[in-house]
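Here are the chains, one letter per residue:
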Amino acid sequence: MTQQLRKESLRPQPSETLDPESWDEIRAQGHRMLDDMIDYVADIRARPVWQPIPTSVRAEFRKALPRQGSELGEAYREFTDFVLPYATGNVHPGFMGWVHGGGSAVGMLAEMLAAGLNANLGGRDHMPIEVERQVVDWTREMFGFPSTASGLFVTGTSMANLMAVLVARTATLGRLSRRHGIGNAGALMTAYTSKAAHGCVTRAMDIAGFGSDALRCIGVDGAHRIDVAALRAQIACDREAGLRPFLVVGSAGTVDIGAIDDLAALAQLCREEELWFHVDGAFGALGVLAPSLAPLLAGIEQADSIALDFHKWGQVPYDAGFLLVRDGERHREAFAAPAAYLRRETRGLAANSPWPCDLGPDLSRGFRALKTWFTLKTYGTEKLGAIIARTCALAGYLEARILAEPRLELMAPVNLNIVCFRYRAADHVSDQLNADIVADLHESGIAAPSSTMIDGRLAIRAAIVNHRTDVEDIDALIAAVLNFGAGVTAPSLQPGD
Ligand SMILES: Cc1ncc(COP(=O)(O)O)c(C=O)c1O
């Protein structure tokens, strides 16, 4: 084959690239999708919070691998018919389950821009990396961390907590532990958190190779805050037994009731005991943006590392977890690994070291920073802080309504934005009745709280995180709980009843 012929045969045919034959058609389709999603968010109140997935709809997503493509419009129709109506529901103001942020239209648009750029933020010299660095700087500023602190977007706080354990490990055992493993020295290492800490802290210890037994779960006081005296005693006891304490994980907002440990006391104890002080601030850490809540977090600025989620109280669309480490060098020591194919240069696209891949396990990374940058830039921290404070005020309103209603019982103090309560019933039926009420609420589409166990008893748990949640949503929750508790069946209730 002549060179000319070979060149001709390699010219892309329309069927050989993924670009559309008609950009106008895809533009029109794209505008339709954008309009539809803006309508979806704008009109979200008209929808149920959540609805069960019909078997026929689930079956639509059990089909064989498509060998031949189909029209984009057809795939989009399947999305609108089968996916969109059966989403989690956390965009809806009636969603109060677990700790889910509501997202925003701004974040949604930023996600589209990020997908268009298709940037890989593992490293290299391009502006998306500078956007992430800007958000790292802003996050440092939020927590009063020094300019030498480093930060990184990750999936969520589960990952950020795991990475913090790994940074604390390397800081304690030295860089060589990354080659040799934690070995006998590591087998003696112990970490500390409270009984109210999130389960991902235990998993982090397990995944990091210390084993979950190496995590001491210390008792809490009546407000679910770690008992600092008991912590001190446990550390002394472990040292006495020849163990090597290395890490304390404080909670800034426990998952069950939003308790904040005495972070200043933990910082002081860690300084005295020479332990790494990590704060799980999954949702609570961003309370620093609300002047009324910031004093509750006093001491967080002394942490060695903080894990937090912009996708919770920060209202950034999923996912946007973040790890902040006071000593950036320690952070790099835990993860950086040279590789010939990742050679750094002083100019060209391979410049701009250190790269984010030096700060975590991921090499390929998406542009999570953009939706966070847009959110911070568009709304500003004052407005985000005011929204955070308002979710707490709404929790206070829910608490007051519960206290004024003899058929309801408040199950735990309301520290921030989480309210645990239940419908009063005889002990032997109460857990089941309240679990049923939660499922009825979900299936009615009126509200979506979750449940948890408080002192061995099942509680309905409402975590008000969404910036759209309003007084009417709280009223609808209360009315529906009272109805379902009294045996009114779900289908007869409509949102707003
Ligand atoms: C206190 C706390 N820690 C950790 C997590 C886990 O965060 P993620 O779901 O982002 O991994 C959560 C989630 O709600 C949480 O509330």
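Whatever comes next refers back to the structure up there.
Residues numbered from 1 in each chain as written. Predicted model: local features only at pLDDT ≥ 70, side-chain atom pairs only at ≥ 80, totals over all residues. Heavy atoms only, no water.

Student: What's the story with the packing of aromatic side chains in this structure? I'm lost.
Tutor: Each aromatic ring pair is specified by the distance between its two centres and by the angle formed by the two planes. This model, assessed by the stated rule, comprises eight aromatic pairs. On the numbers, 5.0 Å between centres and 80° between planes, the contact of phenylalanine 153 with phenylalanine 322 is edge-to-face. Placement of the pair is phenylalanine 153 in strand β2 (residues 150-154) and phenylalanine 322 in strand β8 (residues 321-325), with a sequence separation of 169 residues. Both residues of the pair, phenylalanine 153 and phenylalanine 322, belong to the buried class. Between the aromatic rings of tryptophan 373 and phenylalanine 374, the centroid separation amounts to 5.2 Å while the plane-to-plane angle is 90°, which identifies the pairing as edge-to-face. We classify phenylalanine 374 as partly exposed; its relative accessible area is 24%. Three or more aromatic residues joined by ring pairs make a cluster, and in this case those are Phe153, Phe310 and Phe322. Positioned over the ring face of tryptophan 355 is arginine 124, at 5.5 Å from the centre of the ring. The residue whose ring lies beneath arginine 326 is phenylalanine 145, and the NZ or CZ to ring-centre distance is 4.4 Å. (Phe/Tyr/Trp six-rings, centres within 6.5 Å; stacked < 30°, edge-to-face > 60°. Helix = DSSP H or I, 4+ residues; strand = E, 2+ residues; numbered from the N terminus. Buried < 20%, exposed > 50% of the residue type's maximum accessible area, 1.4 Å probe, protein only. Lys NZ or Arg CZ within 6 Å of the ring centre and 35° of its normal.)

Student: Honestly, the packing of helix α7 (residues 157-173) against helix α10 (residues 199-207) in this entry has me stumped. Any pointers?
Tutor: Packed helix pairs are specified by the crossing angle of their axes together with the interaxial distance, meaning the distance between the axes. Contact geometry of α7 with α10 gives a least axis separation of 9 Å together with a crossing angle of 45°. Classed by the angle they form, the pair α7 and α10 counts as oblique. Considering the relative orientation of α7 and α10, their crossing is right-handed. Along the contact surface, α7 presents Ser158, Asn161, Leu162 and Val165, while α10 presents Cys200, Val201, Arg203, Ala204, Met205 and Ile207. Here the contact of α7 with α10 is built from residues that sort into seven nonpolar, two polar and one charged. (Axes fitted to C-alpha atoms, helices over the stretch in contact; angles between N-to-C directions. Parallel < 35°, antiparallel > 145°, perpendicular 65-115°, else oblique. Left-handed = near helix turned anticlockwise from the far one by under 90°. Contact = heavy atoms within 4.5 Å. Nonpolar A, V, L, I, M, F, W, Y, C, P; charged D, E, K, R; others polar.)

Student: I would appreciate a short explanation of unusual backbone geometry in the present structure.
Tutor: Across the junction of tyrosine 318 and aspartate 319, the peptide omega takes the value -15°, indicating a cis bond. When you line up the elements, aspartate 319 lands in the loop between β7 (305-309) and β8. Going from serine 353 to proline 354, the amide bond is cis rather than trans, its omega being 0°. Here proline 354 shows up in the loop between α13 (328-335) and α14 (368-403). The phi dihedral of arginine 124 falls on the positive side, at around 85°, and the residue is not glycine. Here arginine 124 lies in the loop between α5 (105-117) and α6 (127-143). Even without glycine at this site, glutamate 274 takes up a positive phi of about 55°. Along the polypeptide, glutamate 274 turns up in the loop between α12 (263-273) and β6 (276-280). Accessibility expressed as a relative area gives 71% for glutamate 274, which makes it exposed.

Student: I'm lost on the environment of alanine 233 in this one. Help?
Tutor: Here alanine 233 shows up in helix α11 (residues 228-240). In sequence terms alanine 233 and methionine 112 are 121 residues apart; their C-alpha atoms lie 52 Å from each other.

Student: Is there a simple way to explain the sheet that holds strand β3 (residues 189-194) in this structure?
Tutor: Adjacent strands of a sheet form backbone hydrogen bonds with each other and so pair up, either parallel or antiparallel. Pairing is mixed in the open sheet, where seven strands are placed in the order β2-β8-β7-β6-β5-β3-β4. In this open sheet, the two edge strands, each paired with only one partner strand, are β2 and β4 (215-218). Put simply, the sheet's adjacent strands are angled 20° from each other on average, direction ignored. The pairing of β2 with β8 spans five bridges and is classified as antiparallel. Directly across from valine 154, in β8, lies its bridge partner glycine 321. (Pairing = 2+ DSSP bridges.)

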